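Residue-level listing of the chains:
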Amino acid sequence: MTQDGLLAVDDVSKRYRQGTLALDGVTLRVPAGRTVGLVGESGSGKSTLARLALGLITPDTGTVRFDGHNPHRLRGRAGRRARGRLQLVPQQPRGSLNPALRAGEAVAFALRVHGTPRAERPERVAELFRQVGLDPALARRHPHQLSGGQVQRVAIARALATGPELVVCDEPTSALDATVQARVLDLLGELQERLGLAYLFISHDLAVVRHLAHHVVVLRQGRVVEENTTSGLWRAPRHPYTRALLAADGGGSPEPAPPAPAGHPAPVGEPSAP
Ligand code: ADP
Ligand code: MG
């Protein structure tokens, strides 16, 4: 849509019942067809922002708009098609798939919810599998019969089933080893080019974000401390916290650093609030 962005988050705060102020006055935009990287340490509020963007939770104050609408209101039959415009690629794809369903059934179920006629579903499932680089024969397998990378591709196929315009990727590769991670990132980049997708791409790993994002938003303890173009952030980070994150990540190198091993980056600055 307009300069307002496909996703517009304005001055959003969110406190959990237990008392944690997870987000404190966050504003960001995701333009159509672009990737905004959201980086920050564990506990900085990234997944909370993902849930708000998807309309799964509501802000205490501030507004979230997807193409001008409150994503939380996209309910019922009429909302179904609209809801499909907004999808999630989760951090733990294996946990997000029903172990009792074959991979193809999981994707077919998303098609059914979206309203794709039954007769069209098998061909569409095969097409989606090919689109994410999977042999359609793998549709017959259960999640435990697939590798981590294959399971994440199934989760991506399922997200694509509804023809989304915005895909929220919440640490989509942090459960994968380095080589598989790089291939999944390449796939996400190709899909963006082919399908014109916008991504809100969340990671604690700066190297991963650098790979895909056009813009980067740095979150610290629920607040945005820096917003920059990806090249600007690496060339001339504005906030000391960003500089510390880059230093901890081995930043400043001309090429993206190899993905860090599993786990969290070294702690930077103060520990995050409990
Ligand atoms: P991140 O994804 O960056 O690790 P989260 O958004 O998951 O951060 O969490 C931000 C803060 O909110 C953390 O302090 C976390 O403990 C807290 N939090 C997250 N989810 C809940 C919840 N459902 N109930 C209470 N506190 C939560
Ligand atoms: Mg998270």
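Further up the page is the structure itself.
Residues numbered from 1 in each chain as written. Chains lettered and ligands numbered in written order. Predicted model: local features only at pLDDT ≥ 70, side-chain atom pairs only at ≥ 80, totals over all residues. Heavy atoms only, no water.

### Here we look at the overall build of the protein
What the protein contains, in helices and strands, is 10 helices and 9 strands. Across the 274 residues in the protein, those meeting the buried criterion constitute 47%. Within the protein, counting contacts between residues at least 6 apart in sequence, those at least 24 apart form 66% of the total. Accessible area for the protein stands at about 13,200 Å²; split by element, carbon and sulfur atoms hold 50% of it. (Helix = DSSP H or I, 4+ residues; strand = E, 2+ residues; numbered from the N terminus. Buried < 20%, exposed > 50% of the residue type's maximum accessible area, 1.4 Å probe, protein only. Contact = heavy atoms within 4.5 Å. Areas by Shrake-Rupley, 256 points an atom, 1.4 Å probe, with all protein chains shown as cover.)

### Some words on the pattern of salt bridges
Overall, the coordinates contain 9 salt bridges when judged by the stated rule. Salt bridges sharing partners connect three or more residues here, namely Asp67, Arg85 and Glu165. (Salt bridge = Lys/Arg side-chain N within 4 Å of Asp/Glu carboxyl O.)

### Concerning the site of ligand 1
Lining the immediate surroundings of ligand 1 are 13 residues, of which Gly43, Gly45, Lys46, Ser47 and Thr48 lie closest. One of the backbone N or O atoms of Gly43 is found 2.7 Å from an oxygen atom in ligand 1. Within the complex, the protein chains bury 69% of what would otherwise be the 560 Å² of accessible surface of ligand 1. In terms of residues, the shell around ligand 1 owes the most to one element, helix H1 (residues 46–53), which gives 4 residues. For the shell around ligand 1, the class distribution of residues is 2 nonpolar, 8 polar and 3 charged. (Near = heavy atom within 4 Å. Polar contact = N/O pair within 3.5 Å; in protein donor to acceptor, adjacent residues only side chain to side chain. Nonpolar A, V, L, I, M, F, W, Y, C, P; charged D, E, K, R; others polar.)

### Notes on helix H4 (residues 103–114)
Helix length check: H4 (12 residues) gives 17 Å between terminal C-alpha atoms against 16 Å at 1.5 Å per residue, within 8%. Where H4 is concerned, the buried positions are Ala103, Gly104, Ala106, Val107, Ala110, Leu111 and His114. Down the axis of H4, the buried set is contained in an arc of 165 degrees. They therefore lie on one face. (Expected span 1.5 Å × (residues − 1). Arc of directions from axis to C-beta.)

### Considering the sheet that holds strand E4 (residues 61–66)
One open sheet accounts for 3 strands, arranged E2-E1-E4; its pairing is antiparallel. The open sheet has two free edges, formed respectively by strand E2 (21–30) and E4, since each of these has just one partner strand. Taking each pair of neighbouring strands and ignoring which way they run, the sheet shows an average axis angle of 20 degrees. Running at roughly 60 degrees to E2, H1 makes contact with strand E1 (7–15), E2 and E4 of the sheet. (Pairing = 2+ DSSP bridges. Axes fitted to C-alpha atoms, helices over the stretch in contact; angles between N-to-C directions.)

### Side note on the nonpolar core
Within the largest apolar cluster, 46 residues are counted, with the highest numbers of intra-cluster contacts made by Val107, Phe129, Val154, Ile156, Tyr199, Phe201 and Val216. The element best represented in this core is helix H6 (residues 148–160), accounting for 6 residues. Membership of the second largest hydrophobic core comes to 26 residues, among which are Val12, Val36, Leu54 and Val168. (Core = buried A, V, L, I, M, F, W, Y, C linked by side-chain atoms within 4.5 Å.)

### Quick notes on the side chain of Gln131
Residue position: Gln131 is located in helix H5 (residues 121–131). Beyond its immediate stretch of four places on either side in the chain, Gln131 contacts Leu160, Leu187, Leu191, Arg194 and Leu195.

### Points about unusual backbone geometry
Peptide bonds are trans in most cases, and residues, glycine excluded, mostly fall at negative phi. For Asp11, which is not glycine, the phi torsion reads 50 degrees and is therefore positive. Here Asp11 shows up in strand E1.

### Regarding the sheet that holds strand E3 (residues 35–39)
One open sheet accounts for 6 strands, arranged E5-E6-E7-E3-E8-E9; its pairing is mixed. Each of the sheet's edge strands pairs with one partner strand only, and the pair in question is strand E5 (86–89) and strand E9 (223–229). Direction aside, neighbouring strands of the sheet carry axes that sit 20 degrees apart on average. In terms of strand pairing, strand E8 (residues 215–220) meets E9 through 6 bridges, oriented antiparallel. When the sheet's bridge partners are listed, Arg220 is paired in E9 with Arg223. Relative to the sheet, helix H7 (residues 178–195) contacts E3 and strand E7 (198–203), its axis offset from that of E7 by approximately 160 degrees.

### Here we look at the packing of H4 against H6
Relative orientation and spacing of two packed helices are given, respectively, by the angle between their axes and the distance between those axes. Two numbers describe how H4 lies on H6: the axes approach to 8 Å, and their chain directions differ by 20 degrees. Considering the angle they form, H4 stands roughly parallel to H6. As H4 packs across H6, the resulting crossing turns out to be right-handed. Contacts between H4 and H6 involve Ala103, Ala106, Val107 and Ala110 from the former and Val154, Ala157 and Arg158 from the latter. Residue composition of the contact of H4 with H6, by class: 6 nonpolar, no polar and 1 charged. (Parallel < 35°, antiparallel > 145°, perpendicular 65-115°, else oblique. Left-handed = near helix turned anticlockwise from the far one by under 90°.)

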